[in-house]
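Take a look at the letters that make up each chain.
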Amino acid sequence: MSFLRVAHLGRALLAATALAAVAACGDDDDDDVTPPPPALVAPTNLAAAEQTTNGTVRVTWTAVTGAESYVVERATGATGTFAQVGTPTAAQYDDVGLTQGQVVRYRVAARRGTTSGPFSGDVSVTTRVQGPRVRVLTGTLATQSLAADTQYVLRGFVQVPSGQTLTIAAGTTIVGDTTVPGSALFVLRGGRIVANGEAARPIVFTSQRTPGNRRAGDWGGLIIIGNARLSRPAPTILEGSNANVGGVQYPGFDIAGGTNDDDNSGSLRYVRVEFAGFAVSQDNELNSFTFAAVGRGTRLEYLQSMSGLDDAFEWFGGTVDGRYLVSYLSGDDHFDAAEGYRGRNQFLIALQDTLPLPRQGAGTIATDPQGFEIDGCNVSGTNCPSQSATPYTMPVFANFTLVGGGSGIQQTQGGIGMVIRRGGGGVYVNGVVTRWGRLGLSVRDSATNNRRLADSLVIRNVLFTENGATLDPAATNFTQPASFATAALDSAGTAATALFAALPALGTAPTAAGLDFSLAANSAAATGGLATFGGTLGARMTNFFGGTLEGTAYRGAIAPGGTRWWQGWTNYARN
């Protein structure tokens, strides 16, 4: 073969090799092309079922190939409009917070990036109408919150100890276990309670029994023990706390020895305590509200005691301020302060139209129920050095309306609008005291008169009317008109019903709708108030709820045409 032919064959072979290489490259390009993703389809097997948690529906479906997430839409009712409620990445969604007894419909679409596929057909479910959940509280509580969707049962002496906080949501109901007489809630020194209700959703502590079967003394009450000063030395055991409750013997809680008048035990707002009070023994009872050595850092406003067996509100020492307090139907005193209480209170209402019916075995009605009962230190009690023990009982009560039940329901020693004794002092101004069967005012003893002589017992601008008598004839040294010549006391003959916009006749059970404690336009109490607090009196009124305790031209808890602050959250029931 010649050299020329061989060269020609070599060139032909190279060209063939190059063509093969080009062909091979073209085959590789065809293999790298990604096929388009499958089209998104509507999810199938859609289902919806309510969970055991109230108001939660779980929606499930079969996963769609190629889906990155899903769009869940909900409609209310059979014809409601769908709206997006969630975008889960898994084939499941929990819809929470639904209304009970409601029809809800769901549909779901698959999504990839910003592209959504078609929606599924819809599926519906009706949420259940469920009764309240019930939870029993016993023993010592750790920090926790109570929710309005649960009813809580106090069993025995339930305690919030030092360092722990009990938070209660607006609208929550707490009942005392009536199978364990005397069950109660104790917030101990260093513990805190934050119970902030609302006018439309008060927090209610009440009996476990049904309406119509409830009695005063069905359970113990609400007790707060703070770290403020008391006029008794430690140990001083809180009355009613040394008891055998539910088979457990409690040694009692010491309320003395505190040193911090600015102590903070929390806050109570729009709280009602019903059918409470329990007598461990004679003169050894729990009250509806008990504030023992509670400091002024604590906030108390819009509180009601209803149908309690013992005192409605009782303060043992301490400095806590309060406002907008209501007491209806008390088995003992409506407002009782002793042993060095020095707090200020404005706008108070007490109404007594009959005596409450006590629960069998819970104790008896007191023999001396009053409107105010103010004591220094009771030397006949335990651990009291003298009636002049310090700190003195020196409260301020301003703009009070005390309506008694007349002579028909008074007990042996009761039926008095205001009793101040045993070295008690304080300021009592711009009040109305009416319908108390025996007396409007009784200032009892020389230790108490000493407070008056030292200008630490001041009674000013108070209207007394339709009482058995205004002043106590048995203690002429202390309550004769000359003793209060500058007090601007007014003993009018006006009937109680003429003072207020709407007050039931004696013996008639009130209703919330039929009560109006605001003063009538021509009421004898519409004028005559002390509008300006001057001198040492004014100094005591400062730093009250971030402002100053106000003077008023009227007397009583509500001005003519004033804001009806008690409406919407108070209750008036005998059983």
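Remember, it's a predicted structure, so these values are computed and weren't measured experimentally.

Asker: What exactly am I supposed to notice about the pairing of strand S7 (residues 115-119) here?
Answerer: For a regular strand, the rule is simple: side chains alternate between the two faces of the sheet. Relative to S7, strand S6 (residues 103-112) runs antiparallel, the two being bridged by 3 bridges. Directly across from alanine 109, in S7, lies its bridge partner phenylalanine 119. If you look at the hairpin formed by S6 and S7, you'll find 2 residues sitting between the two strands, and glycine 113 has a positive phi there, around 65 degrees.

Asker: Where do I start with the side chain of glutamate 50 in this structure?
Answerer: Position of glutamate 50 relative to the elements: it lies in strand S1 (residues 44-50). We classify glutamate 50 as buried; its relative accessible area is 13%. A polar contact of 3.5 Å, which involves the side chain of glutamate 50, links it to the backbone nitrogen of glycine 55. Within polar-contact distance, the side chain of glutamate 50 engages the backbone nitrogen of arginine 128 at 2.7 Å.

Asker: Help me out: how do you make sense of the confidence of the model for the chain in this one?
Answerer: Do not read the fine detail of predicted coordinates wherever pLDDT is low. Per-residue pLDDT for the chain has a mean of 89; in total, 91% of the residues score no lower than 70. Low pLDDT, under 50, characterises residues 1-26; the predicted model gives this stretch 2 contacts beyond four residues in sequence or across chains.

Asker: I would appreciate a short explanation of the packing of aromatic side chains in the present structure.
Answerer: What characterises a pair of aromatic rings is the spacing of the ring centres plus the angle enclosed by the ring planes. Inspection of every chain in the model, using the stated rule, returns 27 aromatic pairs. Their ring planes at 20 degrees and their centres at 5.5 Å tell us that phenylalanine 313 and phenylalanine 335 sit as a pair that is stacked. In this pair, phenylalanine 313 sits in strand S25 (residues 313-316) while phenylalanine 335 sits in strand S27 (residues 335-338), placing the two residues 22 residues apart along the sequence. Judged by relative accessible area, which is 0%, phenylalanine 313 ranks as buried. Residue phenylalanine 335 is classed as buried on the basis of its relative accessible area of 0%. Ring-pair connections join several aromatic residues into one group, and the members of that group are Phe289, Phe291, Phe313, Trp315, Phe335, Tyr341, Phe372, Phe397, Phe400 and Tyr428. A cation sits over an aromatic face here: arginine 451 above tyrosine 392, 4.0 Å from the ring centre.

Asker: Just checking my understanding: could you explain the pairing of S27 for this structure?
Answerer: Burial along S27 is two-sided: Phe335 and Ala337 facing one way and Asp336 and Ala338 facing the other are all buried. Note that S27 and strand S29 (residues 370-375) share 3 bridges and pair parallel. When the sheet's bridge partners are listed, alanine 337 is paired in S29 with isoleucine 374.

Asker: Sorry, what's going on with the layout of surface pockets here?
Answerer: Rolled over the atoms, a probe sized like a water molecule indicates the empty space that remains. Approximately 980 Å³ is the volume found for the largest pocket. Glu239, Asp283, Asn284, Glu285 and Asn378 are the residues nearest the centre of the largest pocket, which is lined by 40 residues in total. Secondary structure elements with two or more residues in the lining of the largest pocket: strand S21 (278-281), strand S22 (284-286), S25, S27 and S29. Split into classes, the residues belonging to the lining of the largest pocket amount to 10 nonpolar, 14 polar and 16 charged.

Conventions we followed
- Residues numbered from 1 in each chain as written.
- Predicted model: local features only at pLDDT ≥ 70, side-chain atom pairs only at ≥ 80, totals over all residues.
- Heavy atoms only, no water.
- Pairing = 2+ DSSP bridges.
- Helix = DSSP H or I, 4+ residues; strand = E, 2+ residues; numbered from the N terminus.
- Buried < 20%, exposed > 50% of the residue type's maximum accessible area, 1.4 Å probe, protein only.
- Polar contact = N/O pair within 3.5 Å; in protein donor to acceptor, adjacent residues only side chain to side chain.
- pLDDT = per-residue confidence, 0-100.
- Contact = heavy atoms within 4.5 Å.
- Phe/Tyr/Trp six-rings, centres within 6.5 Å; stacked < 30°, edge-to-face > 60°.
- Lys NZ or Arg CZ within 6 Å of the ring centre and 35° of its normal.
- 1 Å grid on protein atoms, 1.4 Å probe; cavity = no way out; pocket = protein on both sides within 12 Å on 5 of 7 lines; lining within 4 Å.
- Points joined across faces, edges and corners; volume = space filled by probe spheres on them.
- Nonpolar A, V, L, I, M, F, W, Y, C, P; charged D, E, K, R; others polar.

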